[in-house]
Amino acid sequence: MEPSPSRQEANAVIDPSSIRRHVWWSLSVGETLSALRVGDEGLASEEAEARRAIFGLNQLEEEEETSALTVWIRQFKSPLIYILLLAAVVTLAVGEFVDTLVIAAVLILNAVIGFVQERRAERSARALRELVVTRARVMRDSRERQIDARELVPGDMVVVEAGSKVPADCRVVDASALEADESLLTGESTTVGKRDAVLDPDTQIADRDNMLFMGSVITRGRGRAVVVATGPSTQLGEIAGSIKEIGLVETPIQQRMARFARIIGLAVLAASAIGFGIGFALGEDPQHLFLTFVALAVAAIPEGLPIVLTVTLSIGVNRMARRHVIIRRLPAVETLGSCSVIGSDKTGTLTQNRMTVQRIYAEGRDFTVTGSGYGEDGEIIHDGNGVVLEEWPQLRMTLIAGTLSNDATISKVDGGLEAHGDPTEIALLISAYKAGLTKEELEKGFPRGKDVPFDPELRYSASFHASGEGAIAFVKGAPERMVDMCAWSDPAERERVLDVAHRMAEDGLRVLAMASKEYAGPPEALGAPAEELSGLTFLGLQAMIDPPREEAIAAVRGCQEAGIRVVMITGDHAVTGLAIARKLGIAREPDKVLTGADLDRITDDELEEAAQRVPVYARVSPQHKLRVVNALQRTGSVVAVTGDGVNDAPALRAADIGVAMGKSGTDVAKEAADMVITDDNFASIFAAVEEGRIVFDNVRKVTFFLIATGLGTVLAVLASIMFRFELPFLPAQLLWLNLVTNGIQDVALAFEPGEEGVLKRPPRSRREGVISGLLWVRTAIAGTVLACGTLLLFLLEIHADSSIEHARTVALTTAVFFQVFHLQNARSEHRSAFAVSPLTNRFLFVGTAIAVAIHIAAIYLPPTQFILRLEPINAITWVKMIAVASTVILAVEAHKLLTRRSVRADPIR
């Protein structure tokens, strides 16, 4: 080690800006200590206090919480809400207090729903703070002490060992078999060996094996490291800052609803202006004009839409929960149904997160290991037949070496295998177990003595065991290193082994070589173990991989059939990522990989072009993953992203929908995500896609139903003004129509089951509205029929010398029956209403019956007669109303028939 600075140098004034500029992993230990002005004995207490005043506490910045009042006020920022507020003010001014109370109730209910939703969001930074450890072992005043981790400053010398959390970002000073689990930052499933070497300045975060990062866990060994960054300046802190800057992203359904609200708002203003203009020109009374405006606003605005939208999304939430999907933000229910790209993490989502030996090379032959994960099923086969281990002595020794030079354990529990330890070593134990070899039985014949722990510089590990009167060493490590440690009688065999190992690695497999050496004396008589390991006997290779989930292969294929592109974004190596992607069908032979280093070299424009064709991104950092997501979004894609680590949180927040893993996911990832997959399975994401599409279809059906009936009443009111008729509806009657009779049926429509072929359609464009162009035409047809039919019966009653109250009762009831019949039109965009059984949605069948019964009761009960100004209707008029209202089905059926013929005549459409 290079000489460290003296105490005098260490106490010199330190410049924060120079500290933040250093590329610590590219400096030697001596250069690092010199730059930090600290010696081996650590900082003095007074120096640490001075630095704390400069750098602040070692904690993540707390995010200011939006006040409850601000969130409440935010719920009233919508064109629809503005018009309803104005309508409430007008009705209050003219003394229509019943109308005012009903409108106010709608506004408050809608605000409460939005308020509750929003207050549950924005918790990511708080979850990040929980990852920071509370205590740290540090050298202060030349002795080791335990302190509050928040008091650490750059230059502190910390001591870490197995089981401890890393308290800040640190440069390794010395390490003894030191390994860390950095999956929360890098996404890698295997632990990372640590050393004090100097690395290239361009080294990616996943390969910085001379650095320790805040929040990661030491899994093995012991070491010392010097703090180089604290609090917001750490990798964890930068991620927290990224999440805070991104904020909440509007989902497609929110964007569509906002556009839809603007369209309706403008339409209401236009209709009101027309009504006012006509009325003023005809010399109408100002109060009558006020009531006309209120009637138009109430008729045009689907007051129940915000509520029924929440109900529809909630139904989707319940359906998804049964398919292992938990929704954290209601609008996210529909988003997966809109997504055109899914950016999936590899480990645990597309794969089993259980390293599995698949191939073995021994005795010059290839062997295949069947089965995957930690299951007991599987065997070792050669030429299609199961092997008898006694006939293959070198294969047997290969398995024994992998089992005894091993610190992992497996045990049989509840009919399965439970494993503990490094995933690579577990895989070796499982492969031997499939051949009938267990660690417990083998250690009885080969008691363990000394060992050499794995070291990144040595690139191997070894254990020494008693064997009869002598000893035997079992060694495993990187093939390139192991062949140099072995004695070869045939140099060609050495090259053959390297060639086999290379071809296995090209297939994305992680390859370990096994070797042994026998000694005359017992293990304790040997010298330094590492010095004894030369002239080894090569035994064989074991090649492993974290295999893809079988159900994920089918789910990826299903996504592609549904027009959804799946890309892999992983912290793993490029070769491994591409190999798994090809097995899953995500990538094909000509496809390439973009690595984090590649992303650093290309511009945003170049990445946007590449994002449309590259299927795999490997060795990526949090910033890289965020760039990929943003590039995909700029191409017009609706992007869903999966993740489980802290490193995934910025991308999860920035995506149109973030999908966190429930089992392996960190709290940070779950808080940043919109939905959580409880079984960590990509197949569940595919199931959510189906449910999301059903939800959107139902939102569209409900909206079409409400808008068509609303348009009919608007047209009826406008026609009455233009031709100087009495208004066919009072504002309170329109609220009754929209919130009670409509409200029961539209909620029931939200329970509509999915239609056939929902997953065969391409994803919807981000620019496509809640109502399609086809449905806007159909809305105009249905609205016109409703308006004409309602006015026809209203005028007939007026001409028959009925009272205005009786005529309005007929008009209102006719509109109710128009809703009942039009409801069947709304159940399918393309299928005939007569082809959809009423019993496939029993909620709708019962809800319709209840809505009609409530309205009939309102006509004959004195309290509702008084509030709504209704009068009883005779039997002949009931027949007329039902007959006229049924015409809406005939009109829409004719349009459906024409559009179906048009599609058949022009298949390109």
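Everything below is about the structure printed above this text.
Enquirer: Would you explain the pattern of salt bridges in this entry?
Expert: Between side chains of opposite charge, a pair can form as their charged atoms come close. As enumerated under the stated definition, the model contains 36 salt bridges in all. Between E551 and R549 there is a salt bridge; the shortest N-O distance is 3.6 Å. Judged by its relative accessible area of 34%, E551 falls in the partly exposed class. Where E829 meets R700, a salt bridge forms, and the shortest distance between an N and an O atom there is 3.9 Å. Of this pair, E829 sits in the loop between α31 (804–826) and α32 (842–860) while R700 sits in helix α28 (residues 682–722), and the two are 129 residues apart along the sequence. Each of the salt bridges in this network shares a partner with another, and the network as a whole consists of R137, E144, E161 and R222.

Enquirer: For this particular structure, what's the right way to read helix α15 (residues 393–404)?
Expert: For an α-helix the count is 3.6 residues per turn, leaving residues at separations of three or four pointing the same way. The first and last C-alpha atoms of α15 sit 16 Å apart over twelve residues, in line with the 16 Å expected at 1.5 Å per residue. Listed in full, the buried residues belonging to α15 are L395, T398, L399, I400, A401, G402, T403 and L404.

Enquirer: Help me understand the sheet that holds strand β25 (residues 657–661), please; the structure alone is not making it clear to me.
Expert: Strand pairing in a sheet takes place through backbone hydrogen bonds and is either antiparallel or parallel in direction. Strand order across the open sheet formed by eight strands is β8-β26-β25-β24-β9-β21-β23-β22, with mixed pairing between neighbours. Lying at the two open borders of the sheet, with one neighbouring strand each, are β8 (325–327) and β22 (593–595). Between one strand axis and the next, the sheet turns by 20° as a mean value, whatever way the strands run. For β22 and strand β23 (residues 616–618), the ladder comprises three bridges, and the chain directions are parallel. Paired with T595 across the strands is A618, a residue of β23. Against the sheet, α28 makes contact with β8, β9 (341–344), β21 (565–569), β24 (639–643), β25 and β26 (675–677), and its axis sits at roughly 160° relative to β9, the strand it touches most.

Enquirer: What should I look at first to understand the sheet that holds strand β20 (residues 537–545) in this one?
Expert: Strand order in the open sheet formed by nine strands is β13-β12-β11-β10-β20-β19-β18-β17-β16, with antiparallel pairing between adjacent strands. Strands at the two margins of the open sheet, each flanked by one partner only, are β13 (385–386) and β16 (448–455). Sheet topology note: the β16/strand β17 (residues 460–467) ladder contains four bridges and is antiparallel. When the bridges of β17 are listed, R448 appears paired with H465. The strands touched by α15 within the sheet are β10 (356–362), β11 (365–369), β12 (380–382), β16, β17, β18 (470–477), β19 (510–519) and β20, with β20 carrying the most contacts at an inclination of about 65°.

Enquirer: Any chance you could explain helix α4 (residues 45–55) here in plain terms?
Expert: Every buried residue of α4 is listed here: E47, A48, R51, R52 and F55. For α4, the angular spread of buried residues about the axis comes to 140°, placing them on one side. Facing away from the buried side of α4, by more than 90 degrees, are the exposed residues E46 and A53. One or two residues past the end of α4 sits G56, with phi positive at roughly 80°.

Enquirer: How should I be thinking about the nonpolar core in this particular structure?
Expert: Grouped burial of nonpolar side chains is what soluble globular proteins tend to show. If you look at the biggest cluster of nonpolar residues, it comprises 131 residues, and the most contacted ones within it are L336, I342, L533, L541, M675 and F682. Sort the elements by how many residues they give to this core and α28 lands first, with 18 residues. In contact with M675, other than residues within four places in its own chain, are V325, I326, I327, R328, L336, I657, G658, V659, A660 and A688. Counting 54 residues, the second largest nonpolar core, distinct from the first, contains V173, F213, V567 and V614.

Enquirer: Even after reading the chapter, I still don't get the side chain of D546, so can you show me in this structure?
Expert: With respect to the secondary-structure elements, D546 resides in the loop between β20 and α21 (550–561). Although D546 is buried, it forms no salt bridge, and the closest oppositely charged side chain is K346 at an N-O distance of 4.5 Å. Engagement of the side chain of D546 in a polar contact is seen with the side chain of T351, the distance being 2.5 Å. Only 3.0 Å separates the side chain of D546 from the backbone nitrogen of R354, close enough to count as a polar contact. Not counting residues up to four positions away in its chain, the partners in contact with D546 are T347, G348, T351, Q352, N353, R354, M355 and I580.

Calculation criteria
- Residues numbered from 1 in each chain as written.
- Predicted model: local features only at pLDDT ≥ 70, side-chain atom pairs only at ≥ 80, totals over all residues.
- Heavy atoms only, no water.
- Salt bridge = Lys/Arg side-chain N within 4 Å of Asp/Glu carboxyl O.
- Buried < 20%, exposed > 50% of the residue type's maximum accessible area, 1.4 Å probe, protein only.
- Helix = DSSP H or I, 4+ residues; strand = E, 2+ residues; numbered from the N terminus.
- Expected span 1.5 Å × (residues − 1).
- Pairing = 2+ DSSP bridges.
- Axes fitted to C-alpha atoms, helices over the stretch in contact; angles between N-to-C directions.
- Contact = heavy atoms within 4.5 Å.
- Arc of directions from axis to C-beta.
- Core = buried A, V, L, I, M, F, W, Y, C linked by side-chain atoms within 4.5 Å.
- Lys, Arg positive; Asp, Glu negative; His and termini not counted.
- Polar contact = N/O pair within 3.5 Å; in protein donor to acceptor, adjacent residues only side chain to side chain.

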